[in-house]
Amino acid sequence: MACKHDTKIQPATVFIWGTVLLILSSTLTFSGASAERSKTVEFNVKPGGVVHTFSEKIKDYECIFTYASQGGTNEQWQMSVGLSDDERLFSCSVWRPQGKSYLFFTQFKAEIKGAKIEYASAYSQATGGGQADVALKPEEFKIGETTVTHTEGKFRAELSKLTVIGRTRHDEL
């Protein structure tokens with residue numbers, strides 16, 4: 001005896017499953033990216049008021065994070081760099097995976113080499129530990145052709161995440 005099901009699929013159900021499939025396919029695509037196109041590395045942000053620099057490269061493109069901070073102890077941070085498939089966009093993100101940093105930054109600068117900045121943002125709190133991103137006020141930092149830096153006298157010493165996307169100087173033949 002055959003069973004007859006007269007079930008209608010609700011639009012909300014289609015939306016939910018579509019979203020799940022989109023997330024899964026994005027995850028699989030990203031995780032399948034070659035090491036030549038993206039990488040994430042951990043590093044310690046060290047307090048003490050001394051200027052420190054950390055950098056990472058992919059091919060001819062480099063991200064350099066320079067900072068000085070005070071208070072507390074070392075914090076574990078990460079830097080991700082990525083290059084689009086057509087090599088026209090280079091991205092760099094520097095952040096504290098736990099969310100908010102407890103250090104007071106006296107200065108910061110993110111610089112990209114081999115690309116010109118198209119987009120940049122800075123955050124006092126990064127997504128993590130149940131927290132959402134909290135952007136710095138626009139007057140707290142300035143965006144140049146290849147750098148993002150704190151604004152002297154306006155930056156409130158809170159930094160947890162920086163994101164920079166640059167257009168490379170990749171020429172078509």
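Residues numbered from 1 in each chain as written. Predicted model: local features only at pLDDT ≥ 70, side-chain atom pairs only at ≥ 80, totals over all residues. Heavy atoms only, no water.

Looking only at helices and strands, one finds one helix and 11 strands in the chain. In the chain, the succession of α and β elements from N to C terminus is α-β-β-β-β-β-β-β-β-β-β-β. The proportion of buried residues among the 173 residues of the chain is 38%. Accessible area for the chain stands at about 10600 Å²; split by element, carbon and sulfur atoms hold 56% of it. (Helix = DSSP H or I, 4+ residues; strand = E, 2+ residues; numbered from the N terminus. Buried < 20%, exposed > 50% of the residue type's maximum accessible area, 1.4 Å probe, protein only. Areas by Shrake-Rupley, 256 points an atom, 1.4 Å probe, with all protein chains shown as cover.)

Here the focus is the sheet that holds strand β5 (residues 89-95). Read across the sheet, six strands follow the order β1-β4-β5-β11-β7-β8 without closing on themselves; strand pairing throughout is antiparallel. Strands at the two margins of the open sheet, each flanked by one partner only, are β1 (38-45) and β8 (134-135). One ladder, built from two bridges, connects strand β7 (residues 115-125) with β8; its direction is antiparallel. Residue Q125 lies in a different strand from β8, and its bridge partner there is V134. (Pairing = 2+ DSSP bridges.)

In this section: the sheet that holds strand β3 (residues 61-70). Strand order in the open sheet formed by five strands is β2-β3-β6-β10-β9, and the pairing between neighbours is antiparallel. The sheet is open, and its two borders are formed by β2 (52-58) and β9 (141-143), each paired with just one other strand. The sheet shows a mean angle of 15° between the axes of neighbouring strands, taken without regard to direction. The pairing of strand β6 (residues 104-113) with strand β10 (residues 147-150) spans three bridges and is classified as antiparallel. Within β10, the position partnered with E111 by the bridge is T147. (Axes fitted to C-alpha atoms, helices over the stretch in contact; angles between N-to-C directions.)

Below, the discussion takes up unusual backbone geometry. Of note, E87 is a non-glycine position whose phi angle comes to about 60°, a positive value. Summarising the element assignment, E87 is placed in the loop between β4 (75-83) and β5. For E87, a relative accessible area of 15% corresponds to the buried category. One non-glycine residue, A157, lies in the positive phi region at around 75°. Tracing the sequence through the fold places A157 in the loop between β10 and β11 (161-168). For A157, a relative accessible area of 17% gives the class buried.

Considering the arrangement of structural elements, one finds S69 in strand β3. Owing to a relative accessible area of 0%, S69 belongs among the buried residues under this scheme. Each C-alpha atom, one on S69 and one on V51, is 7.9 Å from the other, the two residues being 18 residues apart in sequence. If we ignore the near neighbours within four places in the chain, the residues touching S69 are V45, K46, P47, G48, G49, L103, F104, F105 and T106. (Contact = heavy atoms within 4.5 Å.)

Turning our attention to the pattern of salt bridges. Inspection of every chain in the model, using the stated rule, returns nine salt bridges. E56 is the salt-bridge partner of K39, the closest N and O atoms lying 3.0 Å from each other. Within this pair, whereas K39 is found in strand β1, its partner E56 is found in strand β2, the two being separated by 17 residues in sequence. Ionic pairing is found between E118 and R167, a salt bridge with its closest N-O pair at 3.6 Å. On the criterion of sequence distance, the pair formed by E118 in strand β7 and R167 in strand β11 is long-range, its members being 49 residues apart. A relative accessible area of 41% places R167 in the partly exposed class. (Salt bridge = Lys/Arg side-chain N within 4 Å of Asp/Glu carboxyl O.)

Below, the discussion takes up the state of the cysteines. Within this structure, the stated rule accounts for one disulfide. Residue pairing for C63: its cysteine sulfur links by disulfide to C92, the two sulfurs lying 1.9 Å apart. One quick way to see it: the torsion about the S-S bond of C63 and C92 is about -55°, and its sign makes the bridge left-handed. Of this pair, C63 sits in strand β3 while C92 sits in strand β5; the two residues are 29 residues apart in sequence, bridging distant segments of the chain. Neither C63 nor C92 differs from the other in exposure class; each is buried. (Disulfide = S-S within 2.5 Å.)

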